[in-house]
Amino acid sequence: MFFCIFVAVIKYYAMRQFYHRLFSIVVLLTALLFTGCQNQNAFDFSQLDEIDANGDWGFPLVNAEYTIGDILEMSDNSGYLQQGSDGTLEIRYEYTFDSIISASEYLDSYFNHDISVSGSKSFSSVDLPPVQGNVQLLYRDTLTTQFPSDKVLLESATLKSGEIAIHVTYNITQPTQIVVTCPQLTNSNGQQFRVEAQSVGGSYTTTLNLANYSLTVPSNNEIDIFMEVSCNASASSLPNELSFDYSASFNQIAFSEIRGKFTAVDLAVDKEWDFDSQFLRDHISGTMTLLNPEVTCEILNSFPVRGTIVLNQAQLSGGGYSASLLSHSPATVEVPASTTQFVPVNLPIASSLLLSPDYDHFKLNGNAVINPDGFSTPTLVFRDNQLISLRITVVLPLEINMDDIMFRDTIPFGGINIPSESAFTNLLLRLGVANGLPLNFQLQAYFYDSQTATIKDSLFTSSQMVLCAQNGVPRLSELFATKENFEAVQRMFDCDNIILQARLTADEYPISINVAQAIRLQLSARMNVDLNGLVNLGN
Amino acid sequence: MRKVILTLIVAVGSCLTVAAQGLDVTHFMRISPFQHNDLPSSSTIYDGYVSLPTGNIHAGVNLGAIRYKNLFETNAEGYPTVLTATRFVNSLSDNNYLGVAADMELLGFGFRINKKSFLSVDYRLRANLDFKYSRDVLGFPIYGNMAYVDEPADLNMNINLTAFQELGVSFRNEINDKLSWGVRPKLLFGIANLNTQNLTAQISTDPTDYTITMDYYAAMRAAAIVPYTMSFNPQDGFKFDYDADAKTILKNAGKNFGLGLDFGVTFKPLKALSVSAGVLDLGFITWRTSTVAMSSYPDDAGSMYNNGSFTFSGLSASQIQALINGENISELLDTLAQYFPLDIAPTGKYTTSLASRVVLQADYEFAKFHRVSAAMQFRFASHYFQPSLTLAYDGCFFNFVDVCVAYTMQRNSYDNLGIGLGFNLGVVNIYAGTQNIIAAFSVRNASQLTATAGIVFNWGHYKNWKEKYPKEGKS
């Protein structure tokens, strides 16, 4: 090449003619052409390790509409939050006390002590009539006892359990016949109660089970037991002075049925119910006043007689708060007689209710009076399967005045690693909220690391306001969060939970929450993407 | 990534040896017997020539607005260290062009029938790639979509790749001293074609919530003498298979038949001045073998379809719930893919036209063996109009050395200084040239990377020059 240049230069000066000089110039240029004067390193890309490209990217991430119904379906499995007939969201507590009054308890406790009756007799054996060389002893007596009559005037009854104990002692050594009968007691076969025994040795004792015996009481709750002692022996074998002691006692008597007249039966009502309020407790803090609570009280009374329940307390409580469902107490509930299904009864209901999400306990307290007319009521039959059930349904439509309500939710998060630390800068998150709820949200999201139990960052520098709907028309609020660099973004992504927190307020009270009310969320992100962070030319 | 860039650059750089769609510098060299290739009415100094496969090899690339200096930042030693993508995109025009042409004469010969007429026959292999693209094709991924909130990003591409055989018979005749004409009918046999009828997309971004809306339509056709099959479905992806059976290829070689025509006229108002006009590559090819049509446009696959457009405004509640429930992100992407179906199906024959050219040229011989030329070429590539202007000087020295210097300006390319050099050694003519000598000195500034070279056997030029310049037959 240098030779060509040398020749061209020499020829330029050697040639005289213009065109020959021109040729020399062309040769020189041509020589330069083929020397490859360009930089040989221009296509050596071994040191290429950077891309100068920083794009401005914006992406929509979420455009989702959630109705209150959707949110409940996703997050509440307690069942307490339900849709009312008009679509209003309501909290519904429903519980049935299967037996606030049970006849069996009453019948079992009616004879809560044993009753007994006894007698004795002494007379001279000389007076006994002779029979074929011996003398004939025959003694009869009637023992009359009485069931308590202060509560029941018995006409008849069926014994569920119990026994009768008979004890006879005498001073005859000869075999003695003892017969005890009670015509008022008949077994399930219709046979009257009768005990016959041949006794030797001066005493006789027996205990008999009276389960399933029927008892007929003609009057005054009295029952007659007939005793008969007989003996046929030589006169010389008998002592001159004969003596008999006898007794009968009814022990542990319980009835399965009583027919008769009753006094008013006064029984205590003291029932409690614990329920799971985890969902509300997890998401809501503070209290609110619910207007127009609906409390339905239904009673199933299988007693053949009306009754009255006087409620002193029907109360929700928990977390240090309590609210009475009753507008006043005591509240009297009339209980109709002999219902085959639950029938509603009137309760004086409070017009508003302080609701705390911590409520987890319901207490019912008062007295029930069965057969309040007492003995003036015609004959009744009480059976041990008779009872009074009470079903309480508390429906709290979310027509509320809020005092200071905070909503919060913890959303699992994390496990996201940004591929390169220098790829993203100036992240701008935009959250557009078209709020169809009558609630303002003072919103903030915290990024929580459960490993260290610390909040590492918040989404917004300060909480942002999402405005409530106006006249039922959703209102759009735009919320912006910025993260300047990768470290700030990664700090969020390192956390494993997002704690979403919103202070709820309203422009006007009361507000009504309806399952059809919706929130549309439009989450989008804008960032600078440095291709250097995505494409590593060095590798 | 570096490999990709390297491959791209090397591919472009390899075209340094060839010529672009502008008039090649060797066209202006009178020592070349192939001037009729670009102007059928051109005269030749030879009585005849024979060209073997090395006779005329001609290829090049027109990078349009692409410049190395805009693509790379170099250090003091000249090593590229930074890929300056933003600067590169900034340097692009709204619409840009990349062209590649390759042309090789496999066999050719010509001879003078009489004093006035010259006949030549040539069989050539030609390939042309015309790639038109809007700036946003590259600007969108570099700038990001938020740079297009005021106006949609207009991603527009047009590709026309054609490879064919050309058998031409050229006839030139001088009617008188002032007027001559030439015509060159051609039989064309297509080898392969890829032709986009439409490849456009408009992507707009809502400045408020960044909702992205995309309208696009893609329609392409392809054909080849090599039997192949293509298919696509979202599950199996894209599949391509071919059968390179020589018998079948040979059988198909003549099926994609077409016709072409070059013609021109030259007028010499003065002895030293001539003006010429020519029309080149006026013709068509009808493609019949392995013709496939591909099309794609947004499909109504769900809520993201909106009146012919695909609109993504974020994941819906149900999609988010599906993800929460454990649905894989790939399933979601599969769902999204349903909006972008790609239909590939065999189609019937179709016809494409050649990229025709109109050449207007003036030559002035200001001294013996030295002339200057000005030529305008208008090239009608598919969906793209390429005008160019070339000013050339050609000089013959010592009766066997031909030197040509040419300057060409084209759209987005104004720095093309070409040089050609030829040696006529008796019956052997060796020549080479490039349309852009600057590329050899500074590839960083080059937009045209071309070269032409050949060895051709010819005869009769000494005699003809003696007749033309009777007093100074030898210089």
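Everything numeric in this text was worked out from a predicted model, so none of it was measured. (Residues numbered from 1 in each chain as written. Chains lettered and ligands numbered in written order. Predicted model: local features only at pLDDT ≥ 70, side-chain atom pairs only at ≥ 80, totals over all residues.)

Some remarks on the overall build of chain B
From N to C terminus, chain B includes nine helices and 25 strands. Projecting the C-alpha coordinates of chain B onto the three principal axes gives extents of approximately 95 × 55 × 40 Å. When the 475 residues of chain B are sorted by exposure, 41% land in the buried category. A separation of at least 24 residues holds for 67% of the contacts in chain B among residues at least 6 apart in sequence. (Helix = DSSP H or I, 4+ residues; strand = E, 2+ residues; numbered from the N terminus. Buried ≥ 20, exposed ≤ 12 C-beta atoms within 10 Å, placed from the backbone. Contact = placed C-beta atoms within 7 Å.)

Quick look at the sheet that holds strand S23 (residues 352-355) of chain A
All names here are of chain A. Reading across the sheet, the four strands line up as S23-S17-S27-S35 and stay open at both edges, with antiparallel pairing between neighbours. The open sheet has two free edges, formed respectively by S23 and strand S35 (511-512), since each of these has just one partner strand. Pairing analysis gives two bridges linking strand S27 (residues 399-402) to S35, with the strands arranged antiparallel. If you follow Ile400 over to S35, its bridge partner there is Ile511. (Pairing = 2+ DSSP bridges.)

Structural notes on the sheet that holds strand S4 (residues 80-83) of chain B
Strand order across the open sheet formed by three strands is S1(A)-S4(B)-S3(B), with mixed pairing between neighbours. In this open sheet, the two edge strands, each paired with only one partner strand, are strand S1 (50-51) of chain A together with strand S3 (72-74) of chain B. With three bridges connecting them, S3 of chain B and S4 of chain B associate as antiparallel partners. Residue pairing for S4 of chain B: Phe72 of chain B is matched across the bridge by Leu83 of chain B.

A word on unusual backbone geometry
Residues and elements named next belong to chain A. Look at the link from Ser329 to Pro330: it is a cis peptide, with omega at 0 degrees. Checked against the element boundaries, Pro330 lands in the loop between strand S20 (321-324) and strand S21 (331-335). Cis peptide bonds are those with omega within 30 degrees of zero, and the linkage from Tyr509 to Pro510 qualifies with -5 degrees. On the secondary structure map, Pro510 appears in the loop between strand S34 (497-505) and S35.

A closer look at the pairing of strand S11 (residues 237-242) of chain B
Residue and element names in this part refer to chain B. Along S11, only zero of the six residues are buried, which leaves the element largely exposed. Here six bridges tie strand S10 (residues 228-233) to S11, and the two strands are oriented antiparallel to one another. Residue Ser231 lies in a different strand from S11, and its bridge partner there is Lys239. Linkage of S10 to S11, two consecutive antiparallel strands, is achieved through a turn of three residues.

Description of the pairing of strand S4 (residues 89-102) of chain A
Residue and element names in this part refer to chain A. In this structure, strand S3 (residues 81-83) lies alongside S4, joined through three bridges in antiparallel fashion. Paired with Leu81 across the strands is Ile91, a residue of S4. The hairpin formed by S3 and S4 contains five residues between the paired strands, and Gly87 there has a positive phi angle of roughly 90 degrees. As paired strands, S4 and strand S26 (residues 387-397) are joined by ten bridges and run antiparallel to one another. Note on S26: the bridge partner recorded for Tyr95 is Ile392.

Describing the nonpolar core
One broad rule of soluble globular proteins: the nonpolar side chains tend to lie buried together. In this structure, Leu159, Val168, Ile258 and Ile388 of chain A are the most contacted members of the largest nonpolar core, which totals 92 residues. For this core, the element with the highest residue contribution is strand S14 (residues 241-262) of chain A, accounting for nine residues. Aside from chain neighbours lying at most four places away, what touches Ile388 of chain A is Ile100, Ile101, Ile299, Asn301, Phe303, Gly307, Val335 and Ala368 of chain A. With 23 residues, the next largest nonpolar core counts Leu48 of chain A together with Ala85, Phe140 and Ala201 of chain B among its residues. (Core = buried A, V, L, I, M, F, W, Y, C linked by C-beta atoms within 7 Å.)

Digging into the environment of Ala219 of chain B
Residue and element names in this part refer to chain B. Within the secondary structure, Ala219 is located in strand S9 (residues 212-224). Look at Ala219 and you get partly exposed, because 16 C-beta atoms sit within 10 Å. Linking Ala219 and Tyr384, residues 165 residues apart in sequence, is a C-alpha distance of 18 Å. Once you skip the residues sitting within four places of it in the chain, Ala219 turns out to touch Gln197, Asn198 and Ser295.

Some details on the confidence of the model for chain B
Residues and elements named next belong to chain B. Predicted confidence across chain B gives a mean pLDDT of 86, with 93% of residues reaching 70 or more. Put simply, helix H1 (residues 2-14) is where chain B has its lowest mean pLDDT, 39, and strand S12 (residues 257-267) is where it has its highest, 96. This model gives residues 1-20 a pLDDT under 50, and the stretch forms 46 contacts once residues within four places in sequence are excluded. Taken over the whole predicted complex, pTM reads 0.72, whereas the ipTM for its chain interfaces reads 0.82. (pLDDT = per-residue confidence, 0-100.)

Concerning the environment of Gly422 of chain B
Residue and element names in this part refer to chain B. Position of Gly422 among the secondary structure elements: in strand S23 (residues 413-425). The exposure class of Gly422 is buried, given the 24 C-beta atoms found within 10 Å. Look past the residues within four positions of Gly422 in its chain and what remains in contact with it is Met29, Ile31, Ser32, Asp402, Asn429, Ile430 and Tyr431.

With respect to the environment of Ile51 of chain A
Residues and elements named next belong to chain A. Tracing the backbone shows Ile51 in strand S1. Taking the number of C-beta atoms within 10 Å as the measure of exposure, Ile51 has 22 and is therefore buried. Expressed as a C-alpha distance, the spacing of Ile51 and Ile513, which sit 462 residues apart in the sequence, is 54 Å.

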